[in-house]
Structure formats: C-alpha cells, structure tokens
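Chain by chain, the residues:
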Amino acid sequence: MTAINKSLLQKRTERLLTENQSTGNTLSYKDARNIGILFTQTDRGKYQAIRKMAKQFKNDGKRVEVLCYLEKGGENYDFLYDYITSKDINMWGKMQAPAAIKFAKINFDYLYYLDLEENIYLENVLAMSKASCRIGFYKQHNQGLLDLMVQVSVKSGFETAIDQIMFYTMKLGSNGD
C-alpha cells in the first residue's frame, strides 16, 4: 500500500468517525448480547488470549464475532476468524473486504479493539461500526475512536492487558452492586 493510499484511508477513517459516533447508550455487561473483537494477528500467544476472551463471552451467553488483521506472511491459526489484509483497501483508501463490511454492519453492544500498536486498517473498520460502546487500550490517538480506554503496561504482557479490559468491562453498569 502506498503512502497516498494510507493517507486516504486515514482521512476516510476520520470522516467515518464523525458520521458514526457511538450512541452513548452503554448496556451493562449483564445485559449486553453482541460482542465484537478486532485485533492484529501477530503471534500464537495473542491469538490464544483472544480465543480465551471470546470463550468467556460465549460462556456468559454473548454472541461473539471476531475480525483479525493478518500482516504479510502472518498465519491465521486454526482458521477460526475472518481476516483482512492491506490488500483489502482500494486505491482510494476504501475498505473492500466483504468480511470487514459485514462485521461493521453488526450492531455490537461492545466492540473491542485489542491492539497495543496502531493499526489503520482495523481503525477504519472500528470507525465504520455503529457499536454502542467501543473499548480498547489507551493511546493518545484512540481518544476519538474509543469510548472506554484502559491504560496498560506493555511490559505486563498481552494476557494481563486482556484481564484488565475484562475487569473494567464487567464493572460497566454494575453501580457497585
């Protein structure tokens, strides 16, 4: 992907964010039914942590959809999740992947963006989404993308970061009960 394509993608993402603001009607975790997860597939450990998280959601009676970004030469372990690549962006910076477009149309109660590093492709899908509550890790540039950001230490490891996100998610709407 050229620098021009990336710039167009980022501009399109910014425009989508202004059009698709989340509703602000965040359900409690107990009442949430549809959960989405976006992540970049980088290694087996991260993949296993995502699988564990998705399994926990399913055990709690949630419907879970996962979309991952595969870097060039990356591996889609066990072929469980739909994925996108940099080739799914056209020359005008528009997402073309049917899996991403379908994912973005789902009305998620919670949509998790679980990358510690910036990923412009997944951020575009996040911006296309009409999710009620977008949750992820704190990064300065995520302030317009996410409704709930959790600051984690990269040194603590990805599984610990997921545990922290889950801790705060479970607290949503609980009013201290």
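What counts, and where the lines are drawn
Residues numbered from 1 in each chain as written. Predicted model: local features only at pLDDT ≥ 70, side-chain atom pairs only at ≥ 80, totals over all residues. Heavy atoms only, no water. Helix = DSSP H or I, 4+ residues; strand = E, 2+ residues; numbered from the N terminus. Contact = heavy atoms within 4.5 Å. Pairing = 2+ DSSP bridges. Axes fitted to C-alpha atoms, helices over the stretch in contact; angles between N-to-C directions. Buried < 20%, exposed > 50% of the residue type's maximum accessible area, 1.4 Å probe, protein only. Polar contact = N/O pair within 3.5 Å; in protein donor to acceptor, adjacent residues only side chain to side chain. Arc of directions from axis to C-beta. Core = buried A, V, L, I, M, F, W, Y, C linked by side-chain atoms within 4.5 Å. Right-handed = clockwise from strand over helix to strand, strands pointing away.

Student: Kindly report on the overall build of the protein, identifying the contributing residues and their values.
Tutor: Regarding its fold elements, the protein presents five helices and six strands. Reading the protein from its N end, one meets helices and strands in the order α-β-α-β-β-α-β-α-β-β-α. Excluding contacts between residues fewer than 6 apart, the proportion of contacts in the protein whose partners are at least 24 apart in sequence is 67%.

Student: I'd like a rundown of the sheet that holds strand β6 (residues 148-150), residues and numbers included.
Tutor: Read from one edge of the open sheet, six strands run β3-β2-β1-β4-β5-β6, paired in parallel fashion. The strands lining the two open edges of the sheet, one partner per strand, are β3 (82-84) and β6. Averaged over all pairs of adjacent strands, the angle between their axes in this sheet comes to 20 degrees, without regard to strand direction. Inspection of the sheet shows strand β1 (residues 34-41) paired to strand β2 (residues 63-70) by eight bridges, in the parallel sense. Bridge assignment links F39 to a residue of β2, and that residue is C68. Across the sheet, helix α2 (residues 44-59) lies against β1, β2 and β4 (110-113), angled at about 175 degrees from β1, the strand it touches most.

Student: I'd like to hear about helix α4 (residues 120-128), residue by residue, with values.
Tutor: Taking burial as the measure, the nine residues of α4 include nine buried ones, the bulk of the element. Residues of α4 that are buried: I120, Y121, L122, E123, N124, V125, L126, A127 and M128. The backbone nitrogen of Y121 has a side-chain oxygen 2.9 Å away, supplied by the residue at the start of α4, namely N119.

Student: Explain helix α3 (residues 98-105) to me, and be specific about the residues and the numbers.
Tutor: All of the buried residues along α3 are A100, F103 and A104. Across the axial projection of α3, the buried residues extend over an arc of 95 degrees, all falling on one side. Among the exposed residues of α3, those oriented more than 90 degrees off its buried face are P98, K102 and K105. Taken together, the buried residues of α3 touch β1, β2, β3, β4 and α4.

Student: For the nonpolar core, give the residues involved together with the corresponding values.
Tutor: I37, I50, M53, F57, Y110, Y112 and L114 are the most contacted members of the largest nonpolar core, which has 29 residues in total. Of all the secondary-structure elements, those providing two or more residues to this core are β1, α2, β2, β4, β5 (133-137) and α5 (158-171). Of all the elements, α2 adds the most residues to this core, at six residues. What Y112 contacts, discounting residues up to four positions off in sequence, is I35, G36, I37, L38, M53, F57, I135, I165 and T169. By size, the runner-up hydrophobic cluster in this structure holds 26 residues, among which are L9, I89, A97 and Y113.

Student: Can you lay out the pairing of β5 for me, pointing to particular residues and giving the numbers?
Tutor: Taking burial as the measure, the five residues of β5 include five buried ones, the bulk of the element. As defined by bridge partners, β4 adjoins β5 across four bridges and the pair is classed as parallel. Residue L111 lies in a different strand from β5, and its bridge partner there is R134. Remark: the β4/α4/β5 crossover connection has right-handed handedness. Bridge count for β5 against β6 is three bridges, and the pairing is parallel. Opposite G136, over in β6, you have M149 as the bridge partner.

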